[in-house]
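Working through the structure, step by step
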Amino acid sequence: MATKKASKTRATKAAPAAKAKAAAKAKARPKRKAKKKTARRRKPAPDPNLCPVTGALIAPVWESRFRIAADRALTEGAPLTLALIDVDGFRRHQSELETERADALLKGIVSRLRDAFSEDLAGGEALLGRLAGDLFALTLPRELEEGMGLLALARKQLQKSPFKVGRGVRRREVSPTLSAGLASLRRDGTRAEDLLGAAQGALWRAKSLGGDRLGIPDKERMTLKSSYYPQTQLDQLKALARQAGTKESALLREALGDLFLKYKGRAPNSPIG
């Protein structure tokens, strides 16, 4: 019994000492920083109205807003100028830079265009969209002459210093040139389709003359070109023209303009590229 009492006494005395020793060891250990619980920041969802590469409006959204702007300007008697802007020799840049750096070049071009027309774009009076490939569309609440002057200044500013694309050993400096075709409301038509067709023709001529320039529409010389169509297509065309309140020939010319946009960047012999 005496032995048991003695061992129990020793254990009771040793307990505080063991606790003190353990506390000393714990104190000597480097303190771990408590992890702060921080709320994970969710990335904002991409805007479906904007091109994920350049940040310009995607073609369907731009076209819809352009039609509304053209109708409103016509009703209010306000000026409106459309510019179709194309990167000269973009296929060559794309081949040399490859996709990632070529996309960075387009993004840089859009960024500088935004800076050049920041006031009009910020006020919502101007629209900048990517129609296809390296073809961009810009509407301005200006008359044709003023729009041309502003775009000429913007091109000079944009081409003042090279674009730096890529990182590290893949970094490149590129100095692209731009061509543009401009058309204005009333002077070149009273519908959005009229302005698009006129601006396309002006851009085509600017590119055909070597690029790096601005073009405005000339009075088009109409040329007869006959062709054969399936009767079902002709019946549909007639019905559509009656529904739209326009001529069948006007619809065909509009469709031809859409065709050029569809194959933008694919036709190797086209000067628009």
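Residues numbered from 1 in each chain as written. Predicted model: local features only at pLDDT ≥ 70, side-chain atom pairs only at ≥ 80, totals over all residues. Heavy atoms only, no water.

Considering the sheet that holds strand E8 (residues 214–215)
- Across the sheet, which stays open at both edges, the six strands sit in the order E1-E3-E4-E2-E7-E8 with mixed pairing between neighbours. Unpaired on one side and paired on the other, strand E1 (57–58) and E8 mark the two borders of the sheet.
- When E1 meets strand E3 (residues 127–132), the two strands line up parallel, connected through two bridges. By the bridge assignment for E3, leucine 57 is matched with glycine 129. (Pairing = 2+ DSSP bridges. Helix = DSSP H or I, 4+ residues; strand = E, 2+ residues; numbered from the N terminus.)

Here we look at the nonpolar core
- Core analysis: the largest hydrophobic core is formed by 29 residues, its most contacted members being Ile85, Leu105, Ile109, Leu113, Phe117, Leu128 and Leu151.
- Looking at this core, the elements with two or more residues in it are strand E2 (81–87), helix H3 (90–116), strand E4 (135–140), helix H5 (144–158), strand E5 (163–165) and strand E7 (178–184).
- Discounting residues that sit within four places of it in the chain, leucine 128 has contacts with Ala56, Leu57, Trp62, Val110, Leu113, Arg114, Leu121, Ala137 and Leu138.
- Counting residues in each nonpolar core, the second largest holds 22 residues, with Val61, Phe66, Leu127 and Ala198 among its members. (Core = buried A, V, L, I, M, F, W, Y, C linked by side-chain atoms within 4.5 Å. Buried < 20%, exposed > 50% of the residue type's maximum accessible area, 1.4 Å probe, protein only. Contact = heavy atoms within 4.5 Å.)

Side note on H5
- Over its 15 residues, H5 runs 20 Å from end to end, which matches the ideal 21 Å to within 8%, given 1.5 Å per residue.
- Taken together, the buried positions of H5 are Leu144, Gly147, Leu151, Ala154, Arg155 and Leu158. For H5, the angular spread of buried residues about the axis comes to 100 degrees, placing them on one side. In H5, the exposed positions angled more than 90 degrees off the buried face are occupied by Glu145, Leu153, Lys156 and Gln157. (Expected span 1.5 Å × (residues − 1). Arc of directions from axis to C-beta.)

Thoughts on the environment of glycine 197
- As for its position among the elements, glycine 197 is in helix H6 (residues 192–208).
- Along the chain, glycine 197 and alanine 183 lie 14 residues apart, while their C-alpha atoms are 8.8 Å from each other.

With respect to the confidence of the model for the protein
- Of the residues in the protein, 71% reach a pLDDT of 70 or more, and the chain-wide mean stands at 82.
- Within the model, pLDDT remains below 50 along residues 267–273, and this stretch shows 22 contacts once partners closer than five positions in the same chain are excluded. (pLDDT = per-residue confidence, 0-100.)

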